[in-house]
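Here is how the chains run, residue by residue.
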Amino acid sequence: MTKAVAWQKNGQVALVYFASMTTAQNPPRPTSLPKAFLTIVLIWTVLCAIGAIGNHSDDLQRGGVSRPYAHLFWLWWREHLLLMSMSFACYALFTARPAALGSVPRMLVAYLLVAAVFTPLELLNAGMLKLHDEGTLSGLAPVVDAALARSGFWQFMALVWVTFTFVAVVAACSWRAGRRREQAWVRSQSDNLALRLELEQQRLLALRGQLEPHFLFNALNAISALVRSDDKRVALDGINHLSALLRYALEASARDHVGVREERQFLDDYLALQRLRYGARMQVSVEGDSEAVLAGDMPPLLLQPLIENALRHDLDCHDRPSDIRVAFAASADRLTIHVSNPASAARSANPGLGLGLHHARARLQLAYGDSASLQTGLEDGRFVVDIHMPLHAPDQ
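Residues numbered from 1 in each chain as written. Predicted model: local features only at pLDDT ≥ 70, side-chain atom pairs only at ≥ 80, totals over all residues. Heavy atoms only, no water.

### Here we look at a nonpolar patch on the surface
Part 1 of the reasoning: A contiguous nonpolar surface patch, about 650 Å² in accessible area, is contributed by L42, I43, V46, L47, I50, W161 and F164.
Part 2 of the reasoning: Looking at the nonpolar patch element by element, the count peaks at five residues for helix α2 (residues 33-62).
Part 3 of the reasoning: Its place among the elements puts W161 in helix α7 (residues 152-228). (Patch = residues over 30% accessible without salt bridge, like charges linked within 9 Å, V, L, I, M, F, W, Y side chains within 5 Å. Areas by Shrake-Rupley, 256 points an atom, 1.4 Å probe, with all protein chains shown as cover. Salt bridge = Lys/Arg side-chain N within 4 Å of Asp/Glu carboxyl O. Helix = DSSP H or I, 4+ residues; strand = E, 2+ residues; numbered from the N terminus.)

### Quick word on the confidence of the model for the chain
Part 1 of the reasoning: Looking at the chain, the pLDDT average stands at 77 and 76% of residues meet or exceed 70.
Part 2 of the reasoning: Every residue in residues 1-30 scores below 50 in pLDDT, and together they form 22 contacts with partners more than four places removed in sequence or on other chains. (pLDDT = per-residue confidence, 0-100. Contact = heavy atoms within 4.5 Å.)

### With respect to the packing of helix α9 (residues 260-278) against helix α11 (residues 303-312)
Part 1 of the reasoning: Closest axis-to-axis distance for the α9/α11 pair is 10 Å, and the angle between their directions is 30°. Accordingly, the angle class assigned to the pair α9 and α11 is roughly parallel. The chirality of how α9 crosses α11 is right-handed. When α9 is examined against α11, the residues E263, F266, L267, Y270, L271 and Q274 are found in contact with a partner set consisting of L303, Q304, I307, E308 and L311.
Part 2 of the reasoning: Tallied by class, residues from the contact of α9 with α11 come to seven nonpolar, two polar and two charged. (Axes fitted to C-alpha atoms, helices over the stretch in contact; angles between N-to-C directions. Parallel < 35°, antiparallel > 145°, perpendicular 65-115°, else oblique. Left-handed = near helix turned anticlockwise from the far one by under 90°. Nonpolar A, V, L, I, M, F, W, Y, C, P; charged D, E, K, R; others polar.)

### Examining unusual backbone geometry
Part 1 of the reasoning: For L301, which is not glycine, the phi dihedral falls at a positive 55°.
Part 2 of the reasoning: Turning to its location among the elements, L301 is positioned in the loop between β3 (297-298) and α11.
Part 3 of the reasoning: A relative accessible area of 4% means that L301 is categorised as buried.
Part 4 of the reasoning: If you check the backbone angles, D380 has positive phi at about 55° while not being a glycine.
Part 5 of the reasoning: Mapped onto the elements, D380 comes out in the loop between β6 (373-379) and β7 (382-390).
Part 6 of the reasoning: According to the relative accessible area criterion, D380 is exposed, its value standing at 82%. (Buried < 20%, exposed > 50% of the residue type's maximum accessible area, 1.4 Å probe, protein only.)

### Observations concerning the nonpolar core
Part 1 of the reasoning: One finds M298, I307, I337, L364, I387 and M389 to be the most contacted residues of the largest nonpolar core, which totals 44 residues.
Part 2 of the reasoning: Secondary-structure elements contributing two or more residues to this core are α8 (232-252), α9, α10 (291-294), α11, β4 (324-331), β5 (334-342), α12 (356-368) and β7.
Part 3 of the reasoning: At seven residues, the largest contribution of residues to this core is made by α9.
Part 4 of the reasoning: In this view, I337 contacts M298, L303, A327, F328, V385, D386, I387 and M389; residues no more than four positions away in its chain are not counted. (Core = buried A, V, L, I, M, F, W, Y, C linked by side-chain atoms within 4.5 Å.)

Structure follows, in structure tokens:
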């Protein structure tokens, strides 16, 4: 048992470590740069197409010479080619250096650097295109002169376009970063839950691995007592009962829940085996096993350890008949099981390992969590075990 507890504690530590390592080793992959480049070009192309439609409509309304739409679209597209380049450059920078957007001061510094670089470039680009259209483009000096000659309005518009582009890229990068963080959190939570489920399943398997030998050990003890009585017929009947019990234990242990009806039948078989050993001294009353109760569900092999515990601390402590009481009750969606036996000051000749109640409580916790409980105590000179749990198994 000590190893199992240590394994559970270490498993929880390993759970947190593995979940963090999974996220660290498999970080969310950002959008590839070629895909981002094509997306940026597509967005700007759509904006240029919309702008060209506006110019074309203006030409038609004036009634003058209408320039071809393709020509207008080309003019818009080439004028915004620099802003396309700026958009991609900023996206690539912020993707490679997400810390640049980590705080408002850093974003402000990034904006000032981008504005200082691209606003003059935007003015130079406008001057170059103007000279190219006029057929007077003959060197860099005329381009600079044309850029400086731009009015304050156009200089302001160049800054506005640069600012708009910067804000749009920052918004897109921030949105993607937030989405990646959310996806990473969801993925880590999913991994965490999956690992917790695996841990609980391993704990349940370990518990079952302890429960089945425990049941087998005590059942064989009952058979050995019958063999020592030199009554072969009774011993053979006991072996037949033991065979049926072991068959059920083998089948039920592979399931998380069984019907109360099945567990009730298993209890009858177990009591029949023990009655061969104790005879008329064993008096066990079972009440409340109505159809509503028998239609419910419960973890397998839950009742037998409780009855065994009652037998050990009742019949094994004196020579009088026993007075063991088992009561079932169903109300709404809750099932209550009450087991009691006289509390004796005498010490049992077969005290056992004290695993029955511990296993029952642990299995209820694994099966139902906080919605189930097992309580023990003394009431009117009797040792009482009360179990409260859902009437039906949770949906799988």
